[in-house]
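Results of the structural survey
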Amino acid sequence: MPSSADLAVRIRSIHERIARAADAVRRNPADIRLIAISKTFPVEQVRAAAATGQVDFGENKVQEALQKVEATRDLALAWHLVGHLQTNKAKKAATAFAFIHSIDSLELLQKIDRAAGDGGVAPALLVQVDLAGEDTKFGVPPDAARDLVFAARDCRAARLVGLMTLPPAVDDPEQARPWFRQLRELRDRWIADGMPAGMLGELSMGMSHDFEVAVQEGATMVRVGTAIFGTRDVQPA
Ligand SMILES: *Cc1c(COP(=O)(O)O)cnc(C)c1O
């Protein structure tokens with residue numbers, strides 16, 4: 001298990017790689033947020049990473065995430081839910097997470113907004129877009145995603161801040177580029193069509209093996225697990 005010193009080196013190296021990728025396309029590296037995906041790793045690893053200054057952490061399973069959120073209440077961390085959220089857990093999720101990247105239905109959006117209002121919180125939400133039309137993936141196709149962005153204008157407490165995508169797994173990071181580009185172009189087109197730009201500022205895309213390509217294509221949030229914490233023993237669904 002990596003020590004706090006190991007984690008500091010890895011996280012610094014990822015920041016350097018983000019900065020190089022951003023420089024290459026004349027973007028400001030400060031516009032890119034590194035989310036450390038701690039799924040399957042114990043809360044001690046989260047604490048060790050937090051000790052290096054890492055603030056944003058992500059999980060893909062609600063139950064596991066809620067435990068870590070609870071166990072790190074003493075730290076000022078921002079928790080991201082990057083995996084599927086069932087509507088019956090919307091209420092808990094609304095108050096536990098600063099960011100929910102997996103909005104994929106109107107019912108979920110409305111439930112989170114209502115719970116956020118009741119709880120006096122304002123979680124940031126991203127619509128998960130399924131660009132490849134994969135049956136096995138969560139997220140909604142572009143047309144339905146557009147409807148969700150439209151509907152999010154009526155949110156009272158929760159705030160839509162952007163789009164997220166999880167493209168099909170590929171060996172060569174360059175093969176992921178068209179998907180990342182597609183998400184950015186979709187966002188740009190919707191803004192040109194009159195969607196409020198403030199609701200579409202964030203693009204959550206890129207993981208351990210392809211985050212540099214994602215940064216070049218406009219990612220504002222990269223979700224990195226393995227490159228920080230190491231290989232996961234259990235492959236989560
Ligand atoms: C696990 C996971 C990641 C991180 O994947 P790595 O390849 O370990 O960096 C990113 N996004 C989502 C949605 C995940 O489930």
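It should be emphasised that the depicted structure is a prediction, and the values quoted were computed from it without experimental measurement. (Residues numbered from 1 in each chain as written. Predicted model: local features only at pLDDT ≥ 70, side-chain atom pairs only at ≥ 80, totals over all residues. Heavy atoms only, no water.)

**Regarding the site of the ligand**
Lining the immediate surroundings of the ligand are Ile37, Lys39, Asn60, Val82, Met207, Ser208, Arg223, Val224, Gly225, Thr226 and Arg232. Lys39 is positioned with one of its side-chain polar atoms (N or O) 2.7 Å from an oxygen atom of the ligand. A distance of 2.8 Å separates a nitrogen atom of the ligand from a polar atom in the side chain of Arg223. Contact with the protein chains hides 91% of the accessible area of the ligand, taken as 380 Å² for the molecule alone. Counted by class, the shell around the ligand contains 4 nonpolar, 4 polar and 3 charged residues. (Near = heavy atom within 4 Å. Polar contact = N/O pair within 3.5 Å; in protein donor to acceptor, adjacent residues only side chain to side chain. Areas by Shrake-Rupley, 256 points an atom, 1.4 Å probe, with all protein chains shown as cover. Nonpolar A, V, L, I, M, F, W, Y, C, P; charged D, E, K, R; others polar.)

**Details of the nonpolar core**
Of all hydrophobic cores here, the largest spans 66 residues; its most connected members are Phe97, Ile112 and Val127. Among the elements that make up this core, the one with the highest residue count is helix H1 (residues 4–24) (6 residues). Contact partners of Val127, with chain neighbours within four places excluded, come to His101, Ile103, Val140, Ala145, Leu148, Val149, Leu160, Gly162, Leu163 and Met164. (Core = buried A, V, L, I, M, F, W, Y, C linked by side-chain atoms within 4.5 Å. Buried < 20%, exposed > 50% of the residue type's maximum accessible area, 1.4 Å probe, protein only. Helix = DSSP H or I, 4+ residues; strand = E, 2+ residues; numbered from the N terminus. Contact = heavy atoms within 4.5 Å.)

**Quick notes on the side chain of Thr72**
Tracing the backbone shows Thr72 in the loop between helix H3 (62–71) and strand E3 (78–81). Here Thr72 falls in the buried class, since its relative accessible area comes to 2%. Non-local contacts of Thr72, meaning those with residues more than four positions away in its chain, are made with Val43, Val46, Arg47, Leu77 and Trp79.

**Some details on helix H7 (residues 177–192)**
Taking 1.5 Å per residue, 16 residues should reach 22 Å; H7 reaches 22 Å between its end C-alpha atoms and fits that length. Three or more residues of H7 are buried, namely Arg177, Phe180, Leu183, Leu186, Arg187 and Trp190. After H7 finishes, the residue Gly194 shows a positive phi value of roughly 110°. (Expected span 1.5 Å × (residues − 1).)

Nothing here speaks to function; it is geometry throughout.
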